[in-house]
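# Inside the fold
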2 protein chains.
Amino acid sequence: MICSIEESPLYPIINPKSIAFFGASNTFLRMGSMMLSSVQALGYGGTIYPVHQKEESVRGHKAYASVMDLPEVPDLAIIVLPTAVVCKTLEDCGKKGIRHAIVVSGGFREAGPEGAEAQKGLEAVALKYGIRFLGPNCLGVANPYLRLNPTTITSEGPPGFVGLASQSGSFITQMFDYLHRHGMGFSAAVSVGNEANIDIVDCLEYLGACTHTKVITLYIEGITRGRKFIETAKAITPHKPIVALYVGGSEAGRHAGRSHTGSMSGPNEIYDGVFRQCGIIRAQTLAELFDYALALGTLPKPGGNRVIIQTHSGGPGATAADACGRAGLALPPFSAETVEKLRPMIPKTASTANPLDLTYSLNSAQNFFDIPDVLLQEKNADMLLAYFLSPGIFMDRILKEMGVPAESIQAERDKMIMEHADAFFSLTKRHPDKPIVGFTYRSLQEKMVRNLLDRGIPIYQDPERAARAMAAVLQYYRLRDGIEKSEITNNLK
Amino acid sequence: MICSIEESPLYPIINPKSIAFFGASNTFLRMGSMMLSSVQALGYGGTIYPVHQKEESVRGHKAYASVMDLPEVPDLAIIVLPTAVVCKTLEDCGKKGIRHAIVVSGGFREAGPEGAEAQKGLEAVALKYGIRFLGPNCLGVANPYLRLNPTTITSEGPPGFVGLASQSGSFITQMFDYLHRHGMGFSAAVSVGNEANIDIVDCLEYLGACTHTKVITLYIEGITRGRKFIETAKAITPHKPIVALYVGGSEAGRHAGRSHTGSMSGPNEIYDGVFRQCGIIRAQTLAELFDYALALGTLPKPGGNRVIIQTHSGGPGATAADACGRAGLALPPFSAETVEKLRPMIPKTASTANPLDLTYSLNSAQNFFDIPDVLLQEKNADMLLAYFLSPGIFMDRILKEMGVPAESIQAERDKMIMEHADAFFSLTKRHPDKPIVGFTYRSLQEKMVRNLLDRGIPIYQDPERAARAMAAVLQYYRLRDGIEKSEITNNLK
């Protein structure tokens, strides 16, 4: 394990002060040009040195005919060139004194025996010059905190707490928007490609030490350094959760993974065992990977598996209860104290069972503070799962009926929603030891839910996803607290 | 079974020409007022007769002090009054000659022994006058084709093909927006409440005969007329799919369901058996309920379980392959003919394995027609699953780089996207026997996906959901074609 993040070979790759960029030109429809354009779009503040044989400037940056001409030794080289010239280019970088590179270009091991030979050439050059490099056949890195995104798709949304190491490049460049819509953002994301020099274990070490990263997510098609992976993961999970999606759960997935990066994948059950042994939470789908990350990155450790469901409709309450049951969560009955406190606040027709169904209520203020506040005081429960039906759809109608002019309705409604959101959010401060999770069947982009998501309350589009994420949090702490300091076994490799 | 839809007791309830409305007033913050407001918002063209003791008019409609004063006998009475006066009101309706009603009011069987007595009173009145009624303790119906929505939340989106009979009222009134966002709409939706007179079996009969309804969805907490349910469902599934969500899959869900409508629920396994026997597809979550409905309502019968995945990124392809494998779908290799046809269209570095990974391509036109057209000709495959990354995010950048003025970019991009969408959509006409399904990790509301959704191509936000929906379609036809005309057994009640 590394002692500090600066020791990681990925540190200069993820946090470069200057970059030599090979393969960008003034023709936009080239992959290198699009990648440089992404860097520019996010507003990276470091120095960019395009290397181009003919152009005097590339996309507004002074260009250099050769890497040898650069006025300084940049921290990083990004290489997006035809396969045939990559090795020579890496060697030139070595001669210049560059010690870190991202090789985006494909055509190496994943392309067959000839490509595998070419990859060995890259490895030899790296060894000769002491270069550490990511790839080949990768999309590089994204570090939103440094406003650095040299991937093919422009970044959307603010930085966040999700670290990703991925054997698929698309999942680092195509997930900006997905994460943002679901209330997250990357702390740092790394596409490892063929892992010729830097591999997913190095990423684990980096993300384990990265203070922006609260949860590490892994997209895995196959692990080569099995023993080291286990050792590293075991050192990280006691203080930071790791969630892994292994695409080898089915014969079809295993086959697809193999043809994608050329890495070897193994039986599903072995990975299950390895993950469990390391305290890694396994996700079965990409949606789960980030659903779990959201909960693990935002929620406190739950005291147990007992959930109270707050709803104002029977059906959503029953489906949530069903989902909790399937996820291994329990629904405790309320204590007499809780029932007594609830009585004055709920309609006479509402029962005081769990799920607490508030039934139809037009005075929603209590639903967002007083009632959940009582539920969070319940000593027999560990977590709260609340159903959100957008209050906006009612407020708009009410305000209109009250004669509020059409042009003022939105502002009035937003003010009321913000008051509710503030009240609900304050519950996380009053009850810091009890996880609070939401679910809705409406869009996550509606004002109140969006606001709460942005403030770190995980809200899911489905009670099933919410319940499974809550169960994943429980599983993490159970594995963490139960992890034995047993001999490291070596099932992988 | 009914012979024509007009024979259904639900026909005048779902298709009334005139409605007597009890419980709406000029005070908006009443449930009855909101429900009448929803009717007005959608623009129902029939006649509304508010019955109100004091007001001369209610929400712009001439009001009547007593139902006896109405100038005609309306098709339907909607009653949203305090429990204590509901029975008397229903009796008045009977005297007036009204033969169909929706009793929205709660406080009956679900509220305990006293309420159960009151419900018996309602039943007796109905018997006396030959009234058929929905409820009590329900939210009524929605018939978007008639622009009729007397539920608490205003309707969003156009009418569609999904029929819903629900033991939860919230799922008919809170799902308009959900269905629209996911590419669907209700044909008709019924909240059955306590099922004192009309039950879920009556709804099945109605929806089975309803020509707008292509798929029937059921939200079930417990079935009372088990034998009749089986008989009816068995008569429907040979010509129309039924998908059911039974919330009793876990102890928690069962408990929640029981307290919600007071109906009895039974062991999960019994329902599994009943559904299978009837040819009903079972969904485990609400998301699955409508995911399956979307696929069943839009796709042709697949010839088998063999899927080709088209992607331009490895990770999404591998996760889709994994999901297909888990869902029991097979990924056949391509025939030599297909490989030959693909060669000139795909990059040299792309492999011709399934999933077909087109890799990074800036000329996307072929991806939306020529390539999937070849894949759909593959004789070894039955279905196509295509990954959609919004072309808009690239086009905007390309157009900007080409110097297209900022104010023209959106129009240009939308034009290109529509061309792609038209081309892709035309594949459904060229290959009418092969289901075409999509998945994306971006918002379903982005232009191209939204357009294809609106034209009936099912696109899911996750390959897992897509694969499971495809498997549900297969399961439907397998059950349908394998259903034996065996003796009706009676596992339920």
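Residues numbered from 1 in each chain as written. Chains lettered and ligands numbered in written order. Predicted model: local features only at pLDDT ≥ 70, side-chain atom pairs only at ≥ 80, totals over all residues. Heavy atoms only, no water.

## Some details on the overall build of chain A
Defined as follows: Working definition: helices are DSSP H or I runs of at least four residues, strands are E runs of at least two. Numbering for both runs from the N terminus. Computation of the radius of gyration draws on C-alpha atoms, with the globule rule given as 2.2 Å multiplied by the number of residues to the power 0.38. In this scheme, a residue with accessible area under 20% of its type's maximum is buried, one over 50% is exposed, and one in between is partly exposed, where area comes from a 1.4 Å probe on protein chains only. Contacts are assigned to residue pairs that have any heavy atoms within 4.5 Å of one another.
Within chain A, the secondary structure is distributed over 19 helices and 18 strands. On C-alpha atoms alone, chain A measures out to a radius of gyration of 26 Å, which is about the 23 Å that the 2.2 N^0.38 rule sets for 493 residues. Considering only C-alpha atoms, chain A reaches an extent of 80 × 60 × 40 Å along its principal axes. Across the 493 residues in chain A, those meeting the buried criterion constitute 64%. For chain A, the share of sequence-separated contacts (at least 6 apart) that also reach a separation of at least 24 residues comes to 75%.

## With respect to the confidence of the model for chain A
Low-pLDDT stretches of the model should not have their predicted coordinates read in fine detail. All names here are of chain A. Selection criterion: Per-residue confidence from the prediction method is given by pLDDT, with values spanning 0 to 100.
Mean pLDDT over chain A works out to 92, with 93% of the residues at or above the 70 mark. Predicted confidence is poor over residues 484–493, with pLDDT under 50, and the contacts of this stretch with residues over four places away or in other chains come to 21 contacts. Both scores are available for the predicted complex, with the pTM at 0.94 and the ipTM at 0.93.

## As for the packing of helix α2 (residues 31–42) of chain A against helix α16 (residues 392–401) of chain B
Where we set the bar: Convention adopted: a line fitted to C-alpha atoms gives each axis, helices being fitted over their contacting stretch, and angles between N-to-C directions are expressed from 0 to 180 degrees. Here is the rule for angles: anything less than 35 degrees is roughly parallel, anything more than 145 is roughly antiparallel, 65 through 115 is roughly perpendicular, and the remaining ranges are oblique. All amino acids are sorted into three groups, where Ala, Val, Leu, Ile, Met, Phe, Trp, Tyr, Cys and Pro are nonpolar, Asp, Glu, Lys and Arg are charged, and the leftover types, Gly among them, are polar.
Closest axis-to-axis distance for the α2 of chain A/α16 of chain B pair is 12 Å, and the angle between their directions is 95°. The orientation of α2 of chain A relative to α16 of chain B falls into the category roughly perpendicular. On α16 of chain B, the residues touching M34, S37 and S38 of chain A of α2 of chain A are F394, R397 and E401 of chain B. Of the residues belonging to the contact of α2 of chain A with α16 of chain B, the class tally is 2 nonpolar, 2 polar and 2 charged.

## Details of the environment of R147 of chain B
Residue and element names in this part refer to chain B. As a reminder, the rule being used: Two N or O atoms form a polar contact when they lie within 3.5 Å of each other; inside protein one atom must be a possible hydrogen donor and the other a possible acceptor, and for residues adjacent in sequence the pair counts only when both atoms belong to side chains.
Inspection of the secondary structure assignment puts R147 in the loop between β8 (140–142) and β9 (162–166). Sequence spacing of R147 and V39 is 108 residues, and the spatial spacing of their C-alpha atoms is 7.8 Å. Not counting chain neighbours up to four residues away, the residues in contact with R147 comprise V39, L42, G43 and Y44. Only 2.7 Å separates the side chain of R147 from the backbone oxygen of L42, close enough to count as a polar contact.

## Overview of the pairing of strand β6 (residues 100–103) of chain A
Residues and elements named next belong to chain A. Put simply, the rule reads: By this definition, two strands are paired if DSSP reports at least two bridges between them. For a crossover, the right-handed case is the one in which the path from the first strand over the helix to the second runs clockwise, viewed with the strands pointing away from the viewer.
Side chains H100 and I102 of β6 all project onto a buried face; the interleaved residues A101 and V103 project onto the opposite face, where all are buried too. Relative to β6, strand β5 (residues 76–79) is paired through 3 bridges, and the arrangement is parallel. Bridge assignment links A77 to a residue of β6, and that residue is A101. As for the winding sense of the linkage, the β-α-β connection from β5 through helix α3 (residues 83–96) to β6 is right-handed. Bridge count between β6 and strand β7 (residues 132–134): 3 bridges; the pairing is parallel.

## Some points on the packing of helix α8 (residues 226–236) of chain B against helix α10 (residues 268–278) of chain B
Residues and elements named next belong to chain B. Orientation of α8 relative to α10, taken along the N-to-C sense of each, is 35°, at an axis distance of 8 Å. In this structure, α8 uses F229, I230, A233 and K234 to contact α10, whose residues at the interface are V274, F275, Q277 and C278. Grouping the constituent residues of the contact of α8 with α10 by class yields 6 nonpolar, 1 polar and 1 charged.

## Quick word on the relation of the copies chain B and chain A
The test is simple: Here the copies are matched by least squares. The fit uses the C-alpha atoms of residues with pLDDT of at least 70 in both.
In screw terms, the move from chain B to chain A is a rotation of 180° and a rise of 0.0 Å along the axis, fitting with an RMSD of 0.0 Å. Look at the turn and shift together and you get a two-fold axis relating the two. No C-alpha of chain B approaches the rotation axis more nearly than that of S443 of chain B, which lies at 5.1 Å.

## Looking at the pattern of salt bridges
Short version of the rule: Basic side-chain nitrogens of Lys or Arg form a salt bridge, by our definition, when they fall within 4 Å of a carboxyl oxygen of Asp or Glu.
According to the stated counting rule, one finds 56 salt bridges over all chains in the structure shown. A salt bridge links D177 of chain A to R442 of chain B; its shortest N-O distance comes to 3.9 Å. Pair noted here: D177 of chain A is in helix α6 (residues 176–181) and R442 of chain B is in the loop between β17 (436–439) and α18 (447–454), and the two residues belong to different chains. Salt-bridge contacts for K301 of chain A lead to D481 of chain A; the nearest nitrogen and oxygen are separated by 2.7 Å.

## With respect to the interface of chain B and chain A
Filter applied, for reference: What counts as buried area is the accessible surface, traced by a 1.4 Å probe, that two parts surrender upon association, with contributions from both included.
Every contact between the two is made by 68 residues of chain B and, on the other side, 68 residues of chain A. Between chain B and chain A, a total of about 5300 Å² is buried, with carbon and sulfur atoms accounting for 61% of that surface. The interface formed by chain B and chain A includes 6 salt bridges. The tally of links from chain B across to chain A stands at 21 residue pairs in polar contact (both at pLDDT 80 or more). Listed by contribution, the elements that provide at least two residues to the side of chain B that touches chain A are α2 (31–42), α5 (170–173), α6 (176–181), β12 (242–246), α9 (251–261), α11 (286–298), α12 (314–326) and α16 of chain B. Per-element accounting of the side of chain B that touches chain A gives the leading share, 9 residues, to α12 of chain B. Classifying every residue of the side of chain B that touches chain A gives 29 nonpolar, 24 polar and 15 charged.

## Observations regarding the side chain of E195 of chain A
Residues and elements named next belong to chain A. For the record, the criterion: Working convention for charge: Lys and Arg count positive, Asp and Glu count negative, and His plus the chain ends are omitted.
Along the polypeptide, E195 turns up in the loop between β10 (186–191) and α7 (200–209). The side chain of E195 is buried and forms no salt bridge, while R109, the nearest opposite charge, is found at 6.0 Å. Of the polar contacts made by the side chain of E195, one reaches the side chain of Q167; its length is 2.7 Å. A polar side-chain atom of E195 sits 2.8 Å from the main-chain amide nitrogen of I200. In this view, E195 contacts G135, Q167, I200 and G222; residues no more than four positions away in its chain are not counted.

## Comments concerning the sheet that holds strand β7 (residues 132–134) of chain B
Residue and element names in this part refer to chain B. Read across the sheet, 5 strands follow the order β2-β1-β5-β6-β7 without closing on themselves; strand pairing throughout is parallel. Whereas interior strands pair on both sides, the edge strands pair on one side only; in this sheet they are β2 (47–51) and β7. Between one strand axis and the next, the sheet turns through 20° on average, direction left out of account. Most of the contacts of helix α3 (residues 83–96) go to strand β5 (residues 76–79), to which it runs at about 170°, and overall it touches β1 (18–22), β5, β6 (100–103) and β7.

## A short note on the environment of I270 of chain B
For I270 of chain B, the location among the structural elements is in helix α10. Along the backbone, I270 of chain B and F424 of chain B are 154 residues apart, and their C-alpha atoms lie at a distance of 43 Å.

## As for the packing of aromatic side chains
Under the convention used in this document: Only Phe, Tyr and Trp rings are paired, with Trp represented by its six-membered ring, and only when their centres lie within 6.5 Å; those with planes under 30 degrees apart are stacked, over 60 edge-to-face, the remainder tilted. Working rule: Lys NZ or Arg CZ, within 6 Å of ring centre, within 35 degrees of ring normal, means a charge sits over the ring.
Scanning the entire structure with this criterion turns up 28 aromatic pairs over all chains. Each ring, one from Y178 of chain A and one from F290 of chain A, has its centre 6.1 Å from the other, and the planes form 50°; the classification is tilted. Here the residue Y178 of chain A occupies a position in helix α6, and F290 of chain A occupies one in helix α11 (residues 286–298), the gap between them amounting to 112 residues. Residue Y178 of chain A is classed as buried on the basis of its relative accessible area, which comes to 3%. Through a chain of ring-to-ring contacts, the aromatic side chains of F171, Y178, Y219 and F290 of chain A together with Y387, F439 and Y441 of chain B assemble into a single cluster. When the ring centre of Y64 of chain A is taken as origin, the NZ or CZ atom of K62 of chain A, which lies over that ring, is 4.8 Å away.

## Regarding the pairing of strand β14 (residues 307–311) of chain B
All names here are of chain B. Judged by how many residues are buried, β14 sits mostly within the fold: 5 of 5 residues are covered. Burial of the side chains of β14 extends over both faces: V307, I309 and T311 are buried on one face and I308 and Q310 on the other. Of the strand pairs in this sheet, β14 and strand β16 (residues 383–387) are connected by 4 bridges, and their pairing is parallel. Residue pairing in the sheet places I308 in a bridge with L384 of β16. As defined by bridge partners, β14 adjoins strand β15 (residues 356–357) across 2 bridges and the pair is classed as parallel. Paired with Q310 across the bridge in β15 is L356.

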